[in-house]
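Report on the structure
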Amino acid sequence: MGRSELREHIFKMIFGLEFSPEEQLEEQLELYVDQLVDVTEKDATYMIEKAKKIAAKVGEIDAMINENTTGWKTSRMNKVDLSILRLAIYEMKWDDDVPVKVAINEAVELGKRFSSDEGPAFINGVLGKLA
């Protein structure tokens, strides 16, 4: 599985966590990966571990988002955009394997696929302030 495809699955995992209690994190991530077809053990482990790391940093990431948005706080934000931002900010700040420009570009591409018409520009603007 390529990096973009892995990232898309991690985004979906992070998005799904918005609708489950924190104590079900492990179970929800495992359920997600179990329904994937032809996923290697290496890719499954990578996705689950990265999603857990992002979930552990949500408070810190959300504080960064709130500091860099005007009129939009995470509590009112579109959950798709919020999940994309959380993934991208994690990659920008804590994942040394992902260059900042790649994290931003991939986030904008996810926004084009899954968000509203305004989503990609919003995502790009927030991430641009943080870069």
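See above for the structure.
Values in this document were obtained by computation on a predicted structure and should not be read as measured data. (Residues numbered from 1 in each chain as written. Predicted model: local features only at pLDDT ≥ 70, side-chain atom pairs only at ≥ 80, totals over all residues. Heavy atoms only, no water.)

What to know about the nonpolar core
- In this structure, Met13, Leu85, Ile89 and Leu127 are the most contacted members of the largest nonpolar core, which totals 38 residues.
- Looking at this core, the elements that each hand over two or more residues are helix H1 (3-17), helix H2 (25-34), helix H3 (41-56), helix H4 (58-67), helix H5 (79-94), helix H6 (100-114) and helix H7 (119-130).
- Tallying contributions element by element places H5 first for this core, with 9 residues.
- Every residue in contact with Leu127, bar those within four places of it in the chain, is listed here: Leu85, Ala88, Ile89, Met92, Ile104 and Ala107. (Core = buried A, V, L, I, M, F, W, Y, C linked by side-chain atoms within 4.5 Å. Buried < 20%, exposed > 50% of the residue type's maximum accessible area, 1.4 Å probe, protein only. Helix = DSSP H or I, 4+ residues; strand = E, 2+ residues; numbered from the N terminus. Contact = heavy atoms within 4.5 Å.)

Points about H7
- Taking 1.5 Å as the rise per residue, H7 with 12 residues should run 16 Å; its terminal C-alpha atoms sit 17 Å apart, in good agreement.
- Of the residues making up H7, those classed as buried are Gly119, Pro120, Ile123, Val126, Leu127 and Leu130. Looking straight down H7, one finds its buried side chains confined to an arc of 135°; they lie on one side. Of the residues in H7, the exposed ones pointing more than 90 degrees away from the buried face are Ala121 and Lys129.
- Check the buried side of H7 and you find it contacts H4, H5 and H6. (Expected span 1.5 Å × (residues − 1). Arc of directions from axis to C-beta.)

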